[in-house]
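Residues per chain, in single letters:
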Amino acid sequence: MIKATEDNQYVELTSPTSLPKASGFLWNEKMMIHVNCRGYAVAQFMQPEPAKYSYAPNLEAKTFMQPEQPYYAHHPGRFVYIKDEISGEIFSAPYEPVRKQADRDTFAVGKHDIHWKVIQDDICIEMSLRLPKEDVMELWRVKVTNLSSRKRKLSIYPYFTVGYMSWMNQSGSYVEDLQGIVCSAITPYQKYQDYSKIKNYSDKTYLLADHQPTAWEVNHETFEGEGGLHNPSALQSETLAGGDARYETPVAVLQYRVELEAGAEQAYRFIFGPAHDETEIEGIRQHYFVKQNKNGQDGFVAAEQEYAEYIAEGQGNIQIETPDIWLDNVVNHWLPRQMYYHGKTNRLTTDPQTRNYLQDNMGMSYIQPQIARAAFLTALSQQHISGAMPDGIILHPDAELKYINQVPHTDHCIWLPVCMKTYLDETNDYSILEEQVPFTDSEQKVSVLEHMNLAMRWLIHERDARGLNYINQGDWCDPMNMVGYKGKGVSGWLTIAAAYAFNVWADIGEQAGHAEVAEEFRQEAKQTNAVANEYLWDGNWYARGITDDDVVFGVSKDLEGRIYINPQSWALMSGAAADQEKQEKLIRAVEEQLETPYGVEKLAPSFTAMREDVGRVTQKHPGSAENGAVYNHAAAFYIYALYLVGEKENAYRLLRKMIPGPDAEDILQRGQLPIFIPNYYRGAYRQFPRTAGRSSHLFNTGTVPWVYRCLIDGLFGLQGHAQGLQVRPQLPEDWNEASVTRLFRGAELNVNMKKDASVQMIEVYVDGQRIEGDIIKNIQAGVKYEVLVKLPL
């Protein structure tokens with residue numbers, strides 16, 4: 001059902017019905033497309049805010065990706081109908097809309113392209129999707145091959161959804177000079193002040209073809225007729241009617257009538273995307289289909305190659321070989337790709353949440369650290385002189401804080417040192433602390449060091465008399481919006497997380513030679529941990545918070561939401577749960593109440609009704625998103641915390657649960673290919689086991705940099721250090737060896753880890769010589785090192 005190709009460049013699925021939502025995604029810095037095995041697609045581009053060019057049949061939200069995408073018959077898609085002109089039989093590729101079971105069906109997701117191959121009645125249809133590096137468009141190839149021993153007469157109908165473009169103005173027609181279909185709309189607006197914005201929008205959707213079609217249809221209602229999309233009325237005629245759309249829902253359908261000899265094939269290329277006007281579309285046609293470069297390539301072929309090179313730039317800095325081949329595949333090929341997407345696109349938004357922006361760029365520290373460096377400076381330049389960080393980071397001159405970023409959250413400051421530590425571990429670039437950066441509300445410039453001090457002191461200031469951090473209308477958990485809106489409620493997690501942030505910042509300050517910073521914030525961490533233990537420890541785990549009405553929640557007396565994962569994770573990180581008894585109780589409580597076959601849940605039991613002193617999180621469906629899902633971002637915090645305290649078996653068991661499989665039953669329950677980590681798998685495992693484990697299929701998530709951090713700092717223990725590379729692997733008991741190629745500060749280290757009965761403690765050998773301690777020092781850029789790590793059994 002699922003396999004990786006021999007070269008590990010693709011993951012293949014051979015059934016569109018066993019995992020009907022299995023999907024892949026491609027992106028560049030201006031657009032994204034998410035397509036599934038059956039041909040359904042969600043695409044958006046920036047102008048500068050998110051916009052559509054392939055619409056649903058009614059108005060829909062365009063600004064954010066939704067979890068558990070509800071595909072339906074008229075969901076936007078990219079399909080090819082095939083009709084045998086002799087028998088009249090019809091099928092479609094990839095699978096929708098005809099839904100005829102093919103003789104063979106393969107969906108293959110690669111890092112820079114996505115393929116479908118459908119064989120039915122000795123006709124093979126191959127489809128592939130790629131993007132350019134910069135332009136907003138989809139590049140499609142379709143190849144039809146006659147596998148039979150006789151001549152075949154066929155009609156090929158590429159079908160691209162345009163959908164309901166606008167209630168103000170929409171139309172479409174075939175344009176002979178462009179050899180394509182052009183559909184036009186006006187983005188709806190009410191205020192005259194908005195006209196200056198929308199008048200330059202790319203409100204046209206076009207489909208260009210490199211072969212002149214036999215016929216076409218642009219009127220969706222005419223094409224579908226009474227037969228429905230599974231058997232459109234228009235296909236009953238010899239040729240499409242050549243209709244247009246005049247304030248009617250448009251569609252882009254072309255027809256090619258072909259006669260193929262036995263073994264013959266016919267290939268087509270299409271470009272689908274948005275444009276401002278027909279002049280722009282003509283320029284696209286000339287560049288991609290007509291003009292050739294010095295290598296004799298047209299722009300289409302050159303763009304495919306350029307895009308592959310662009311994606312290749314996002315390679316991670318570890319390549320692994322372990323006893324778990326699917327872990328190897330995900331870590332070597334897919335995890336860094338997902339990190340790269342987040343770091344390069346900022347999730348296709350102009351005002352990413354501050355916590356997301358910082359954590360996504362924590363991931364870029366492993367791939368392109370110069371981008372991470374610039375991001376930290378951008379974020380700090382939008383800090384208030386009080387030390388407070390904004391709820392979102394503005395990335396475009398015309399952008400403004402929207403939606404969730406208009407709701408005050410209190411956690412953004414803690415991510416500054418937490419995320420910067422990874423950048424410093426990777427680069428040793430402590431010069432960033434001396435950079436002079438302004439504030440958003442003051443022309444004064446101060447060093448990054450002072451910006452960070454102010455952020456930490458803001459956390460200290462925003463507390464109640466007990467020393468617990470206010471939550472306002474949310475912390476890391478966005479929908480926990482009613483705990484502290486009256487100004488009194490506090491966040492147990494944020495209090496504990498602040499202690500961890502203080503310790504991390506103290507470590508950074510000490511390494512940078514600022515002893516006074518280290519001393520100040522170590523003391524603050526110690527005091528904060530003491531406060532957490534006084535007010536939040538419930539006997540076996542830590543409470544999530546205390547409401548405006550002074551009610552402690554996330555504790556044993558609660559019937560729903562008794563235990564939350566985040567306070568437990570960060571208490572291990574911060575040292576609040578430093579003593580062995582607390583650690584053992586906490587870990588046991590998590591295992592007994594939160595762990596499932598699909599990972600560790602965010603909270604349990606899931607809420608089944610509104611709790612008005614906690615908020616919107618309790619209204620989400622039990623086991624979905626923040627209400628008790630296996631919310632992988634939170635699960636990754638816990639896994640990282642387990643590695644910090646040496647709980648390697650618990651850590652790896654939960655880490656492995658993030659990846660679908662390897663057994664078929666697990667894959668079928670999750671319904672996802674192992675090519676990205678989703679933001680959640682359904683939880684409420686003890687309440688609603690039927691749906692538990694189901695993937696959200698949403699690849700926008702802060703999980704991935706934390707998983708990479710778990711791998712580097714924890715599992716393989718190859719963490720950057722000011723003096724070099726620290727080697728402290730935590731391999732599972734049932735692994736006897738593993739190998740890692742680690743790219744680090746311009747050097748390449750080939751590290752072989754082997755368990756050896758003759759050693760009592762870790763021994764590290766570099767180029768055959770045993771080193772003192774566990775830090776490889778004096779690493780030179782451009783040099784390759786052979787490293788042997790002997791581990792006690």
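Residues numbered from 1 in each chain as written. Predicted model: local features only at pLDDT ≥ 70, side-chain atom pairs only at ≥ 80, totals over all residues. Heavy atoms only, no water.

Some points on the overall build of the chain
In terms of helices and strands, the chain carries 17 helices and 40 strands. Dimensions along the principal axes, computed over C-alpha positions, put the chain at roughly 80 × 65 × 55 Å. Here the chain holds 793 residues, and the buried ones make up 62% of them. Sequence-distant contacts in the chain: of pairs separated by 6 or more residues, those separated by 24 or more amount to 67%. If you sum the accessible surface of the chain, you get close to 29600 Å²; carbon and sulfur atoms cover 46% of it. For the chain, the centre of its 75 positive side-chain charges and the centre of its 104 negative side-chain charges are spaced 1 Å apart. (Helix = DSSP H or I, 4+ residues; strand = E, 2+ residues; numbered from the N terminus. Buried < 20%, exposed > 50% of the residue type's maximum accessible area, 1.4 Å probe, protein only. Contact = heavy atoms within 4.5 Å. Areas by Shrake-Rupley, 256 points an atom, 1.4 Å probe, with all protein chains shown as cover. Lys, Arg positive; Asp, Glu negative; His and termini not counted. Charge placed at Lys NZ, Arg CZ, Asp CG, Glu CD.)

Thoughts on the sheet that holds strand β5 (residues 41–46)
The strand order β3-β4-β5-β6 describes an open sheet built from four strands, whose pairing is antiparallel. Edge positions in the open sheet fall to β3 (23–28) and β6 (50–51), since each of these has one partner strand only. Across two bridges, β5 lies against β6 in antiparallel orientation. Of the residues in β6, the one forming a bridge with phenylalanine 45 is alanine 51. Seen against the sheet, helix α5 (residues 325–345) touches β3 and β4 (31–36) and runs at an angle of roughly 40° to β3. (Pairing = 2+ DSSP bridges. Axes fitted to C-alpha atoms, helices over the stretch in contact; angles between N-to-C directions.)

Some thoughts on helix α12 (residues 565–574)
The buried fraction of α12 is high, at ten of ten residues. Taken as a whole, α12 has its buried residues at Ile565, Asn566, Pro567, Gln568, Ser569, Trp570, Ala571, Leu572, Met573 and Ser574. In the segment just after α12, glycine 575 is the residue with positive phi, at about 95°.

What to know about the nonpolar core
Within the largest apolar cluster, 217 residues are counted, with the highest numbers of intra-cluster contacts made by Trp415, Trp570 and Phe716. Per-element tally for this core: the top contributor is helix α10 (residues 492–511), with twelve residues. Apart from the residues within four sequence positions on either side, tryptophan 570 is in contact with Ile414, Trp415, Val418, Trp493, Ile496, Ala497, Tyr500, Phe637 and Trp706. (Core = buried A, V, L, I, M, F, W, Y, C linked by side-chain atoms within 4.5 Å.)

Some thoughts on the pattern of salt bridges
Using the criterion set out here, one finds 56 salt bridges in the structure. Across the pair lysine 151 and glutamate 261 runs a salt bridge whose closest N-O atoms are separated by 3.5 Å. With lysine 151 in the loop between β12 (138–146) and β13 (152–161) and glutamate 261 in the loop between β19 (250–260) and β20 (265–275), this pair connects stretches of sequence that are 110 residues apart. The partly exposed category is assigned to glutamate 261, whose relative accessible area is 46%. A salt bridge links glutamate 520 to arginine 457, with the nearest nitrogen and oxygen atoms 3.0 Å apart. Of this pair, glutamate 520 sits in helix α11 (residues 515–535) while arginine 457 sits in helix α9 (residues 448–461), and the two are 63 residues apart along the sequence. Exposure remark for glutamate 520: the relative accessible area of 28% places this residue in the partly exposed category. When its relative accessible area of 32% is taken as the criterion, arginine 457 is described as partly exposed. Put simply, Lys83, Glu85, Glu238 and Arg257 are held in one network by salt bridges that share partners. (Salt bridge = Lys/Arg side-chain N within 4 Å of Asp/Glu carboxyl O.)

What about the pairing of β13?
Across the ten residues of β13, nine count as buried, placing the element largely inside the fold. In the sheet, β13 pairs with β19 via eight bridges, with the strands oriented antiparallel. Considered in β19, the bridge of threonine 161 is made with valine 251.

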